[in-house]
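Spelled out from the first residue to the last, the chains are:
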Amino acid sequence: MDKYNYGMIGLGVMGRNLLYNIADNGFSIAGFDLDTEKVKELQDGATSEMKVKGTATLEDFVSALETPRKIILMVPAGKPVDAVLDSITPLLSKGDIVIDAGNSYFKDTNRRVADLASKNLHFMGMGVSGGEKGARTGPSIMPGGDLEAFNLLQPMLEAISAKVDGEACTAYMGKGSAGNYVKMVHNGIEYAIMQLISEAYDLLKRGAKLNNDQLYQVFKEWNNGEMNSFLIEITRDIFQQKDELTDGYLVDQILDKAGAKGTGKWTSEQAMEIGVSIPTIDIAVTSRILSAYKEERVQASQLYTKNEIATPENTELFIKEVGDALYLATLISYAQGLALLVKASEEYQFEIPLKDVVKIWRGGCIIRSVLLEKFYLAYTKDSNLSNILLNQDISVIVKDKINSLRKMAAFAASNGVSSLGMQTALGYFDAYTTESLPVNLIQAQRDYFGAHTYQRTDREGVFHTLWQTATH
Ligand code: 6PG
């Protein structure tokens, strides 16, 4: 009996779609799920050209695979991954490879790599982005870890991933748990961009008083130009969706409380842990938390009533400036996420190739955008760029849009419209581009009350002063 090239554990929508994508590309693949209904669905949904087999037990699954076995896990992050590993590792042989394709926390991956290595098995963390549709037709794939194991998978990953200008949206992301780390930061950026788009929507809806049809037109226009991206595209479509239960549009019936599964929070925690400033991502995480205080917000809105929001004098200009502000704040969010990857790469010896990260984010993933093409060119010129804002070509875009971001942040602030994402993107930019920050005063205060010492601008060394208490 012919053995199967790959195995997939976890046949939920993502697992099944990725499996079919692999089979479509000429690889044979066996699937397993504890839920026998899902195994049956897999078999039923396969076409006659696909070499696909659903297996009823883990033993059948493992023995159906060629060696070294290449087993992809698509199960929820956390305990389910450990449970699968506990039951499968006793059945595996030296050199087999287990690839975790879920949104696992990178520190869990480190532990699992070590654990499986002690059993002579390879374990790899691999980020997959693109949702259900992407998994089926071509996601962006972020594998990391053991290079030898990666080399065995590379042809399959290149075949199933999205393509941009004929180039596959997958590449080796670095050592250890780099694949999970890059995917985590991808999601942090995803949170920031979604926050910023929601703020642009608010400005257009409550500021420019646009209705859903007009919003659709604005997003359509944006998506046809330099702002072309997956998130702008789906936002455009959302404004067209009619509600099945009422006469209106669905978006207007959706409760304003946003959920989160945790990858954004991990990104912020990580940035704090290794000392990287990513305020727009942080604010996007905390804004979702704040959105959940619905009852309190209703109460507070009655206590602190606001003036009516001013109507802009020139609607067309206002729309253009919202677009420019969104574009630049989005760019700044990418800059923060990429700066986190630079630092993490040093901190954890990941050796993340930034140029390849932006290259494979150009297609397939949730944060794909034409802007990434510009980042790709920037990293092609200088692969050691510590922050994308330092690139000359990027600075031209920034200078062109910065006044719009200032104007929109000011409009929002003076009209009581919350725009935390835009405000922090602007604040980050202003701090990052300021030669002398006022933190000399913070150092003086720290030394005053805690003898924490300070450095001077005019000579080397560490100093402490016995600060005088003013007499009057
Ligand atoms: C992707 C998405 C995917 C998932 C997020 C959603 O790249 O395909 O990022 O991984 O949709 O985890 O995250 P929240 O539920 O936390 O918004």
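For the structure, see preceding data.
Just so it is clear, the model here is predicted, and its values are computed rather than measured.

Reading the values: the criteria
Positions within a chain are numbered from 1, following the residues in the order the chain's sequence is written. Reporting of local features is limited, given that this is a predicted model, to residues whose pLDDT is at least 70; pairs of side-chain atoms are given and counted only at 80 or more, and all residues count toward the totals for whole chains, interfaces and linings. Side-chain descriptors were evaluated using all non-hydrogen atoms of the structure, hydrogens and water having been removed beforehand. For helices the rule is a DSSP run of H or I covering at least 4 residues; for strands it is a run of E covering at least 2, with both sets numbered from the N terminus onward. Using C-alpha atoms as the atom set, the radius of gyration is obtained and then compared with a globule rule of 2.2 Å times the number of residues to the power 0.38. Each residue is placed in one exposure class: buried if its accessible area under a 1.4 Å probe, protein chains only, is under 20% of its type's maximum, exposed if it is over 50%, and partly exposed if it falls in between. Contacts are residue-level and defined by heavy atoms, with any inter-residue pair within 4.5 Å sufficient. Only the protein chains shown count as cover for residues, and the accessible areas themselves come from Shrake-Rupley with a 1.4 Å probe. None of His or the chain ends enter the tally, which takes Lys and Arg as positive and Asp and Glu as negative. By convention, charge coordinates are those of NZ in Lys, CZ in Arg, CG in Asp, or CD in Glu. Here a salt bridge means any side-chain nitrogen of Lys or Arg lying within 4 Å of a carboxyl oxygen belonging to Asp or Glu. Side-chain rings of Phe, Tyr and Trp, where Trp is taken by its six-membered ring, are said to pair if the distance between their centres is within 6.5 Å; with planes under 30 degrees apart they count as stacked, over 60 as edge-to-face, and otherwise as tilted. Remark: a charge is flagged as sitting over a ring if the NZ atom of Lys or the CZ atom of Arg is within 6 Å of the ring centre and within 35 degrees of the ring normal. A pair of strands is treated as paired once DSSP finds two or more bridges between them. Throughout, an axis means a line fitted to C-alpha atoms (over the contacting stretch in the case of helices), and angles, computed between N-to-C directions, take values from 0 to 180 degrees. By this rule the span expected of a helix is its residue count minus one, scaled by 1.5 Å.

Engineer: Can you walk me through the overall build of the chain in this structure?
Structural biologist: Counting its secondary structure elements, the chain contains 19 helices and 9 strands. A compact globule built from 472 residues should have a C-alpha radius of gyration of about 23 Å, and the chain, at 25 Å, falls within 12% of that. Out of the 472 residues in the chain, the part that is buried amounts to 51%. For the chain, long-range pairs separated by at least 24 residues make up 68% of all intrachain contacts whose partners lie at least 6 apart in sequence. Within the structure as shown, the chain displays about 23,100 Å² of accessible surface, and the carbon and sulfur contribution to it stands at 52%. Charge separation in the chain, taken as the distance between the mean sites of 47 positive and 59 negative side-chain charges, equals 1 Å.

Engineer: Looking at this structure, how should I read the pattern of salt bridges?
Structural biologist: Proximity of charged atoms lets side chains of opposite charge pair with each other. Applying the stated criterion across every chain, the model contains 28 salt bridges. As a salt-bridge pair, D24 and R136 come within 2.7 Å of each other at their nearest N and O atoms. One end of the pair, D24, is in helix α1 (residues 13-24); the other, R136, is in helix α6 (residues 131-137), with 112 residues separating them in the sequence. Its relative accessible area of 46% is what places D24 among the partly exposed residues.

Engineer: Teacher, can you tell me more about the packing of aromatic side chains here?
Structural biologist: The geometry of an aromatic ring pair is captured by two quantities: the separation of the ring centres and the angle between the planes. Following the criterion strictly, the structure yields 20 aromatic pairs and no others. Judged by centre distance (6.2 Å) and plane angle (25°), the ring pair of Y448 and W467 falls under stacked. Of this pair, Y448 sits in helix α19 (residues 439-450) while W467 is found in the segment after α19, placing the two residues 19 residues apart along the sequence. Take Y448: its relative accessible area is 46%, and that puts it in the partly exposed class. Using a relative accessible area of 35% as the deciding quantity, one classes W467 as partly exposed. An aromatic cluster of three or more residues is present, and its members are Y105, F106, Y181, W266, Y348 and F350. It is K70 that lies over the ring of Y6; its NZ or CZ is 5.6 Å from the centre. It is K401 that lies over the ring of Y327; its NZ or CZ is 5.0 Å from the centre.

Engineer: Hey, could you run me through the sheet that holds strand β6 (residues 122-129) in this one?
Structural biologist: Hydrogen bonding along the main chain pairs the strands of a sheet, whether they run parallel or antiparallel. Ordered in space as β3-β2-β1-β4-β5-β6-β7, the 7 strands form an open sheet in which the pairing is mixed. The strands lining the two open edges of the sheet, one partner per strand, are β3 (52-55) and β7 (140-143). In this sheet, neighbouring strand axes are inclined to one another by 25° on average, regardless of whether the strands run parallel or antiparallel. In the sheet, strand β5 (residues 97-100) pairs with β6 via 4 bridges, with the strands oriented parallel. Following the sheet pairing, I97 is matched in β6 by H122. Sitting on the sheet, helix α4 (residues 79-88) touches β1 (6-9), β4 (70-73), β5 and β6, and the angle it makes with β4 is about 155°.

Engineer: Got a minute to help me understand helix α11 (residues 263-274) in this structure?
Structural biologist: Owing to its 3.6 residues per turn, the α-helix brings residues three or four apart onto one side. Spanning 12 residues, α11 covers 16 Å between terminal C-alpha atoms, matching the ideal 16 Å at 1.5 Å per step. Turning to α11, its buried residues number three or more, namely T263, G264, W266, T267, S268, Q270, A271 and I274. Buried residues along α11 sit against α5 (106-117), α8 (178-207), α12 (279-291) and α14 (315-347). Directly beyond the C-terminal end of α11, a positive phi value near 75° is found at G275.

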